[in-house]
Amino acid sequence: LLKDAMRSPYPGFSLEATEETKQAEDTIGRALHDDIVRMRGDDTYCKAWTKRLMALLMDDSKLHVDHRRFVQKGSEVFQITPEDFVRLYAYAQHPVEPIPQDVIQINTQVLRRLGLDDVADAIVLCNTGNPQDMVAAVKRMGIAPEIDALYYKKEAGEISNARFAQEIDIHFVSALLRRYNVPETEIQAKREQVRRGRMSVQALYDYSAQQRLAFITDAVGRKLFHGLSLSQALLQRLYNVPTPQLKLTFINLPPESILGDVLFRADYVLKSVTTTPEVKEKVPGHLSDDEFVFQQFSAQGIYPSSGSGTIRFWLTPGEVKMSVATDGSVISFGQAKVHINTELHDVTGMNPQVEAVYRDAVNRYALFLTERYDKYARIFPELHKLREVAKLLALARWAASNNYRVVVDQAEGTTFVPPKTTSGFWSAIFLADQKKLGVVLSSSGGVDFGQSQGEAWVSATPDAEVKSNVSDQLAASATLAGQAADAALAGDLEGAHILAEQSAQAMTGEINFAELPVLSEVPMPSEPAAQAARCVEVLAATDDNITALQTAQADQQRAAALEQQSPAEAAQLRDSAADRQRTAQEHLQTLCEALRMGSL
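Residues numbered from 1 in each chain as written. Predicted model: local features only at pLDDT ≥ 70, side-chain atom pairs only at ≥ 80, totals over all residues. Heavy atoms only, no water.

A. The packing of helix α7 (residues 117-126) against helix α10 (residues 161-179), seen in detail. Viewed as axis vectors pointing N to C, α7 and α10 meet at an angle of 150 degrees, and their least axial separation amounts to 11 Å. The angle between α7 and α10 falls in the class roughly antiparallel. Handedness of the crossing formed by α7 with α10: left-handed. Across from Asp118, Val119, Ala122 and Cys126 in α7, the residues of α10 making contact are Phe172, Leu176 and Arg179. Residue composition of the contact of α7 with α10, by class: five nonpolar, no polar and two charged. (Axes fitted to C-alpha atoms, helices over the stretch in contact; angles between N-to-C directions. Helix = DSSP H or I, 4+ residues; strand = E, 2+ residues; numbered from the N terminus. Parallel < 35°, antiparallel > 145°, perpendicular 65-115°, else oblique. Left-handed = near helix turned anticlockwise from the far one by under 90°. Contact = heavy atoms within 4.5 Å. Nonpolar A, V, L, I, M, F, W, Y, C, P; charged D, E, K, R; others polar.)

B. Molecular detail of the side chain of Thr275. Its location among the elements puts Thr275 in helix α14 (residues 258-275). Judged by relative accessible area, which is 11%, Thr275 ranks as buried. At a separation of 3.0 Å, a polar atom in the side chain of Thr275 contacts the main-chain carbonyl oxygen of Lys271. (Buried < 20%, exposed > 50% of the residue type's maximum accessible area, 1.4 Å probe, protein only. Polar contact = N/O pair within 3.5 Å; in protein donor to acceptor, adjacent residues only side chain to side chain.)

C. Structural view of the packing of α14 against helix α18 (residues 381-401). Between α14 and α18, the least distance of the axes is 9 Å, while the angle of their chain directions is 135 degrees. Regarding the angle of α14 to α18, the classification is oblique. Crossing of α14 over α18 shows left-handed handedness. Residue-level inspection shows Leu259, Val262, Leu263, Arg265, Ala266 and Val269 of α14 in contact with α18, the latter providing Glu382, Leu383, Lys385, Leu386, Val389 and Leu393. Considering only residue class, the contact of α14 with α18 consists of nine nonpolar, no polar and three charged.

D. Seen up close, the environment of Ser174. When you line up the elements, Ser174 lands in helix α10. Accessibility expressed as a relative area gives 2% for Ser174, which makes it buried. On a C-alpha basis, the gap between Ser174 and Tyr205 in space is 9.9 Å, while along the polypeptide they are 31 residues apart. With residues up to four places along the chain from it excluded, the contact list for Ser174 reads Ile187 and Arg191. A distance of 3.0 Å separates a polar atom in the side chain of Ser174 from a polar atom in the side chain of Arg191.

E. Spatial organisation of the nonpolar core. Core analysis: the largest hydrophobic core is formed by 73 residues, its most contacted members being Phe70, Phe172, Tyr180 and Phe225. Counting residues per element, this core draws most heavily on helix α12 (residues 201-225), at nine residues. With sequence-adjacent residues up to four places away left out, Phe70 is seen in contact with Met54, Leu57, Met58, Phe85, Leu224, Phe225 and Leu228. Among the nonpolar cores identified, the runner-up in size contains 60 residues, and Leu248, Tyr358, Ala361 and Val362 belong to it. (Core = buried A, V, L, I, M, F, W, Y, C linked by side-chain atoms within 4.5 Å.)

F. Representation of the confidence of the model for the chain. Residues at a pLDDT of 70 or more form 91% of the chain, whose mean pLDDT is 84. Counting interchain partners and residues more than four positions distant, the pLDDT-below-50 stretch residues 434-443 has 55 contacts. (pLDDT = per-residue confidence, 0-100.)

G. Representation of helix α3 (residues 43-59) in the model. An ideal rise of 1.5 Å per residue puts 24 Å on 17 residues; α3 measures up with 24 Å between its terminal C-alpha atoms. Backbone nitrogen of Thr44 and a side-chain oxygen of the N-cap are separated by 3.1 Å at the start of α3; the cap is Asp42. (Expected span 1.5 Å × (residues − 1).)

The structure is reproduced here in structure tokens:
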């Protein structure tokens, strides 16, 4: 990476949609616009479209991300558990009589929250199997006079017992349907179908269950869908378009370089972060671009009823702090920052007021992401690596501007074979308040460390003490490594590991020396760079030999356990462990002597 940075100090990278993807985006945009216009004027089509969407969300096994999002949203809106939401939906699709007790309990919870206490009570009563409870259910629904009139007709012989039972069911279900806001003409039509034998009583109850779900959905439907993020997979199922493809473009650097790989992966991960609400499970407080923009619209009570736009995301360097020794021999890196940038472009057919809110929201989202970059970088190593690359590029630019030549020895010949294209990201958010579903292509963008970014982000400060500080770190690291080797030779392998870890921390300045015992006989290195390379070798050798001693010790214990069961195998294992132990001890002894003599 350092070699690439020295060769290409002004690199850039971009991901841009292919022509086919741009055409697909246009296809989605037109289809969405047509659906929106039709849903505004055709309530029947709106319900059918919503029903199809719900079926995909709940029943399509390939849309597991959307399913989980929708179930969680349903749980929050209905104020029931996710499992109860799934059970309620499943029963509504395949109702049975009598209603299972768990479904009754879920239904009554929801109905009571919607103010239908009479319906909730009646459903509980009519499903106990007790005739007296059915009478109570009838009274609770306020149709006792009608049932009394039917009873007198039965006693007078005007209707049969079977007709009496059927009429009770018809009247009871009719009362429920009225509470579900079913039109009276439709209720009367169902009543006549049952009386003429064209519909069974069971079918009438099934119809009632479906209407109950429809009523509940209508009552909370806006909350259920409003602000719901729809994934790329769901959009593809709805509108039959291919997966978006993005072109990779490398600027001022060889495409096969490792630096190019870092820029590509960081940019790709950023696009994933901005389109995935589930990132909040790892980064609390995270919002996808859809969710953030939706919040901004909601805060002002403004929603786009028409038009579309594209959000572009890209990464640029923030400040990289460097402390530089007066002779240029030592550079200590401080905090490195990376900025996330956004831009709304390709805006068409949008109200000027809405567009202004949209642009402001997009700009705010850039700040939102940048403020959380460190949190994202802890979860996504690609973003952490980009931040480290910013340090290398800062070093390359500082060296060039100060006439230093950085020689990178023994750089590995690792290369990167970039694909010509890669899959992109589409996302959408449902704005049910305006029956609006807006789609945003949020996959284009890139990484820009080019000359347009200037040099101000490279914050190099002369520091007369930095060389001394680094020398102290390296000297302490060498001393702690020697103590780790001594501890291992004395048989304290656990203590040796702790000292080796402290040695590594001392080399990078990640340890508080005030918390350590006084380190005596600390040799000060004359050449920090050479000493740093030797420290890395010493640490690796110390750690390898401590691990070898631990393995040998474990094998000796295994040999003792095998002694009676398999003496020959135990002897072989013991001899092998003894050889490895002896070799590791010899290596550690050599390291200790070299460290004491200052030859390492």
